[in-house]
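# Overview (structure and organization)
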Amino acid sequence: MSQHGVGPRAVTRSVAFLTAGVLAVPALTGCGSEDPAGKPLAAPDIQPAGRDRIADGGTLRWAVDSVPDTLNTFQSDADATTLRVAQAALPSMFRMNASGRPERNPAYLESAEVVETEPKQVVLYKLNQQAVWSDGREIGAADFAAQWRALSGKDTAYWTARNAGYDRIQKVERGDNALEVRVTFSRPYADWRSLFSPLYPKDVMGTPDSFNDGARRKLKVSAGPFTVEKVDREDDEITLARNPRWWGKPAKLSEIVLRTVPRDKRAAELAAGTLDVAEIDPTAARRITVAARPQSSSSPLMGPGADRSAADALHSWAVANGTDEDAADEETVARKKLRKAAAKYARQQQALRGFEVRKSLEPAFTQLALNGAEGPLADERVRRAVARALDRRKLAEAVLKPLGLPAVPVGSHLALSGQAHYADNSGALGGQDTKEAQALLADAGWVRGGPVKEQKKKEGEKAAGAEGEKASGSSRNEQDDEGTYVVGEDNKAHGGKDPADHLAHDGKQYQHPARGGAPGAYAPKGTAAPANRGAAPLAKNGKPLTLRFVLPSGPGSQTLRTVADRISRMLERVGIGTDISKVSDESYFKDHIASGQYDLALYSWPATAFPATDARPVYAKPVPAADGSLNVEQNYTRVGTDQVDQLFDEAVSTLDESDSRSLIRKADSRIWAAAGSIPLFQRPQLIATRKNLVNTGAFGFGTPAYEDMGFLKKGAKPASGPSAKGSATP
């Protein structure tokens, strides 16, 4: 998972309550003739080109976030780079198409289908007769059986991150010939296509020792268009080399080098010529886009000194040429440094003219998580009020519209537009409605302008609705990007109101001596209420309704912080204050989200083609563990219902695909109604690539075809079409 997101099912799902009597779920749109799944909101943008236009050979240098601790995707410390290596070097029986739906991978499978349902479900795999491991051995039933045994959960000596699906298999055996594999299930399993992707050789899966350690640092045997040639942890690189035993179309590239480059350094590395492709943030994307334009007086100013006004420049010149020698010397040095930095920036911009930004929507969505463990958000009415206060379309537009991407709010927790299980079920909760949000809060006992007791804040004090505490070293200096500040309690900053009505950072309420609080609370009965009482924060039992909003503070999280600021202002309009706490990226998820130290938080979940399997631990009702703690699995909002769990269980055991999809959509409607998490928008996918690099870029839902990546031959041109031009709305 990352904050603003990771990878296959094995990687990503390893990085949401009303009483039954009043839960109302609208009729599902799937009952009509039109497919509620719709189409993907954006097409892939990969600069497609036929193989005959691509040069043979060459090295592709690709920026990644890290060299992973393991190359085994089924281990808990696997990451997005683990996935990339597996996609290029290992078999997958099924891969994702451009709509995020699984499709048979013909490089490995001639066919795969359910051939029996009674008395047991049996799936018959017919393998491509040319499919072999890089050591020359045929891919076969022994590999399938070894992976099943390792991931079944029966042998705890295997350090696996998950066993979903494999725990339903009864046996794996050879079919009528060496190219057939029969998999018999002990219980029906709708998501059987999720299994054996990727498939590791029996040498890795055969014993606990080989599983636990054999594929962590190296991958001796592979079966993809590339092999793992070298893992260099000193230089933070992984080198993938063309596989000479690959039976499919030969890889066009000789090598792919995956290099660890921090996100804030990627634009400079691209300009220096040490990278060919890199995922980048919106700031870097804008820089590359500006560099590609013809220079003119209308080009936006960027880089060192771009924000200096004419008055600033004149003042600097005056100081440098003034009579105060010390000040003049200091200013002269500063001016030289600025000129040097500007010259370097200009050279980089010139180099970046050889790149372009390819953009689509990532198969992941950003959500607002509401911690329902305790405090105000334990009340379903308050959670629903938070949701009804949000204008999700405006939040999507704030992030996606400047990038030229479709700004459509996500309508499902369990799939994205275009995927088979998608349907917009947000109507189960309702759209933005300030009056409804205020009515819900009033019904929950939160009153505007009520008396507020002095709130003494102590070190390590729990956050409302969570077990939160201030991040160590947090600063309350609002000029600093880290620390804590309160939105909704400083009306002067956000509307010109008198500061007498805000709660200061020390938790005390300050009152103007000539004014009172609620009528009769601080003055004789009959005293007029304050003129701006309607803007005062809500209170209950002497406590203001202020929610701790935890955010990462790193340079790559600016988009999250922008969204959080807009959310805070929307909540402020209904009387909910937010106490924004910025913490280090390293501690954000582990120390705050996973441990429940927050009220509100923003983070992303990846899309999955198999929600009945992958999404269940994310929305399962937390249950008490034997030691008295709460087992939340991956449900970090700690909100769940027995009914949602039952729908997931039915969906994963229903082999009729239409019925299974209907059950998943019903589960999503109930997750919406519980208001534990609010999907906001599909994440932007921005990829900087060399202009002559083809079949590479923003892949969207689709699994990359690594063998088709490469550089155009001299004089050749790419194909035309939507995926060559960028995102396209259906």
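The coordinates are above.
Residues numbered from 1 in each chain as written. Predicted model: local features only at pLDDT ≥ 70, side-chain atom pairs only at ≥ 80, totals over all residues. Heavy atoms only, no water.

## Comments concerning the overall build of the chain
What counts, and what does not: The secondary structure listing takes helices from DSSP runs of H or I that are at least 4 residues long and strands from runs of E that are at least 2 residues long, numbered from the N terminus. All accessible-area figures derive from a Shrake-Rupley calculation using a 1.4 Å probe, and residue coverage is judged against the displayed protein chains alone.
When helices and strands are tallied, the chain shows 19 helices and 24 strands. Entry remark: accessible area of the chain is about 31900 Å², with carbon and sulfur atoms responsible for 48%.

## A few points about the environment of Asp 579
To be explicit about the condition: Each residue gets one of three labels from its accessible area relative to the maximum for its type: buried under 20%, exposed over 50%, partly exposed in between, using a 1.4 Å probe on protein chains only.
Tracing the backbone through its elements, the reader meets Asp 579 in strand E18 (residues 577–583). We classify Asp 579 as buried; its relative accessible area is 6%. Residues Asp 579 and Thr 546, spaced 33 residues apart in sequence, show a C-alpha to C-alpha distance of 6.4 Å.

## Points about the pairing of strand E6 (residues 169–174)
Going by this rule: Two strands are counted as paired when DSSP detects at least two bridges linking them.
Relative to strand E7 (residues 180–185), E6 runs antiparallel, the two being bridged by five bridges. Across the sheet, residue Ile 169 finds its bridge partner in E7, namely Phe 185. The loop that links E6 with its antiparallel partner E7 comprises five residues.

## Structural notes on the packing of aromatic side chains
Aromatic ring pairs are defined here through the distance separating the ring centres and the angle between the ring planes. Under the convention used in this document: Here a Phe, Tyr or Trp ring, Trp counted by its six-membered ring, pairs with any other such ring whose centre lies within 6.5 Å, and the pair is stacked when the planes are under 30 degrees apart, edge-to-face when over 60, and tilted otherwise.
Taken as a whole, this structure holds 18 aromatic pairs when the rule is applied. Considering the side-chain rings of Tyr 603 and Trp 605, the 6.2 Å spacing of their centres and the 80° angle between planes classify their relative orientation as edge-to-face. The burial state of Tyr 603 is the same as that of Trp 605; both residues are buried.

## A short note on the sheet that holds strand E5 (residues 122–127)
Stated formally: Throughout, an axis means a line fitted to C-alpha atoms (over the contacting stretch in the case of helices), and angles, computed between N-to-C directions, take values from 0 to 180 degrees. Here, two residues are considered to be in contact whenever any of their heavy atoms come within 4.5 Å of each other.
Ordered by their spatial adjacency, four strands build an open sheet running E4-E5-E7-E6, and the pairing between neighbours is antiparallel. Strands with a single pairing partner mark the edges of an open sheet, and in this sheet they are strand E4 (109–116) and E6. Adjacent strand axes in the sheet meet at a mean angle of 15°, parallel and antiparallel pairs treated alike. Sheet analysis places E5 next to E7, joined by five bridges and oriented antiparallel. Each bridged residue has a counterpart across the sheet, and for Lys 126 the counterpart in E7 is Glu 180. Along the sheet face, helix H3 (residues 141–151) touches E5, E6 and E7 and points at about 160° away from the line of E6.

## What to know about the packing of helix H11 (residues 392–400) against helix H13 (residues 558–572)
Two packed helices can be described by the angle between their axes and the distance between those axes. The condition that has to hold: For this classification, under 35 degrees means roughly parallel, over 145 means roughly antiparallel, 65 to 115 means roughly perpendicular, and everything else is oblique. Two helices cross in a left-handed way if the nearer one is turned anticlockwise from the farther one by less than a right angle. They cross in a right-handed way if the turn is clockwise.
Running from N to C, H11 and H13 cross one another at 155°; their axes reach a closest spacing of 10 Å. Judged by the angle between their axes, H11 and H13 are roughly antiparallel. For the pair H11 and H13, the crossing hand works out as right-handed. Across the interface between the two elements, Lys 394, Leu 395, Ala 398 and Val 399 from H11 touch Thr 559, Val 563, Arg 566, Ile 567 and Met 570 from H13.

## With respect to the nonpolar core
Counted only if it meets this: Residue types Ala, Val, Leu, Ile, Met, Phe, Trp, Tyr and Cys, when buried and joined through side-chain atoms within 4.5 Å, form a set referred to as a nonpolar core.
Core analysis: the largest hydrophobic core is formed by 100 residues, its most contacted members being Met 93, Tyr 125 and Phe 196. Looking at which element gives the most residues to this core, the answer is H3, with seven residues. The contacts of Tyr 125, once residues within four sequence positions are left out, are Met 93, Leu 109, Ser 111, Ala 112, Phe 144, Leu 179, Glu 180, Val 181, Val 183, Trp 192 and Phe 196. Within the second largest apolar cluster, 63 residues are counted, among which are Ala 387, Leu 400, Trp 446 and Leu 538.

## As for the pattern of salt bridges
Note the cut-off: Salt bridge, as applied in this entry: a Lys or Arg side-chain nitrogen positioned within 4 Å of an Asp or Glu carboxyl oxygen.
In this structure the tally under the stated criterion is 26 salt bridges. Notably, a salt bridge pairs Asp 65 with Arg 263, separated by 2.9 Å at the nearest N-O pair. Taken together, the residues Asp 65 in the loop between strand E1 (59–64) and helix H2 (80–89) and Arg 263 in the loop between strand E10 (255–260) and helix H6 (266–271) connect sequence positions 198 residues apart. Residue Asp 65 is classed as partly exposed on the basis of its relative accessible area, which comes to 45%. One salt bridge in this structure joins Arg 137 and Asp 143, with 2.8 Å as the shortest N-O distance.

## Some details on H3
Most of H3 is tucked away, with nine of its 11 residues classed as buried. Those residues of H3 that fall on the buried side of the exposure criterion are Ala 141, Asp 143, Phe 144, Ala 145, Ala 146, Gln 147, Trp 148, Ala 150 and Leu 151. Buried residues in H3 make contact with E5, E6, E7, helix H4 (202–205) and helix H5 (208–214). One or two residues past the end of H3 sits Gly 153, with phi positive at roughly 85°.

## What about the sheet that holds strand E13 (residues 447–448)?
Strand order in the open sheet formed by three strands is E13-E15-E16, with antiparallel pairing between adjacent strands. Here the strands that pair on one side only, and so sit at the sheet edges, are E13 and strand E16 (543–544). Looking at chain direction, E13 and strand E15 (residues 538–540) are connected through two bridges and run antiparallel. Opposite Val 447, over in E15, you have Ala 539 as the bridge partner.

## Things to note about unusual backbone geometry
A cis amide bond links Glu 118 with the next residue in sequence, Pro 119, at an omega value of 0°. Locating Pro 119 in the fold gives a position in the loop between E4 and E5. Residues other than glycine seldom take positive phi values, yet Ala 675 does so here, at roughly 55°. Mapped onto the elements of the fold, Ala 675 is located in the loop between helix H18 (657–674) and strand E22 (677–690). Assessed through its relative accessible area of 0%, Ala 675 is described here as buried.

## Quick look at the side chain of Ser 412
Cut-off, in case you're wondering: Counting of polar contacts relies on pairs of N or O atoms within 3.5 Å, with two restrictions inside protein: one atom must be capable of donating a hydrogen and the other of accepting it, and residues adjacent in sequence are counted only when both atoms are side-chain atoms.
By the secondary structure assignment, Ser 412 is in the loop between H11 and helix H12 (434–443). Taking relative accessible area as the criterion, Ser 412 reaches 1% and is therefore assigned buried. A distance of 2.9 Å separates a polar side-chain atom of Ser 412 from the backbone nitrogen of Leu 414. Of note is the side chain of Ser 412, whose polar atom sits 3.3 Å from the backbone nitrogen of Ala 415. Other than its neighbours up to four places away in sequence, Ser 412 contacts Tyr 422, Ala 423, Asp 668, Trp 672 and Pro 679.

## Some words on the packing of helix H17 (residues 642–652) against H18
In plain terms, the rule: Each residue is assigned to one of three groups, with Ala, Val, Leu, Ile, Met, Phe, Trp, Tyr, Cys and Pro labelled nonpolar, Asp, Glu, Lys and Arg labelled charged, and all others, Gly among them, labelled polar.
It is at 8 Å that the axes of H17 and H18 come closest, and there the two elements cross at 165°. By the angle between their directions, the pair H17 and H18 is classed as roughly antiparallel. As H17 runs across H18, the sense of the crossing is left-handed. Where H17 approaches H18, its residues Gln 643, Val 644, Leu 647, Phe 648, Glu 650 and Ala 651 are matched on the opposing element by Ser 660, Leu 663, Ile 664, Lys 666, Ala 667, Arg 670 and Ile 671. Partitioning the contact of H17 with H18 into residue classes produces eight nonpolar, two polar and three charged.

## Comments concerning the environment of Pro 622
Structurally, Pro 622 is set in the loop between helix H16 (616–619) and strand E20 (623–624). Remark: the alpha-carbon pair of Pro 622 and Gln 634, spanning 12 residues in sequence, is separated by 9.3 Å.

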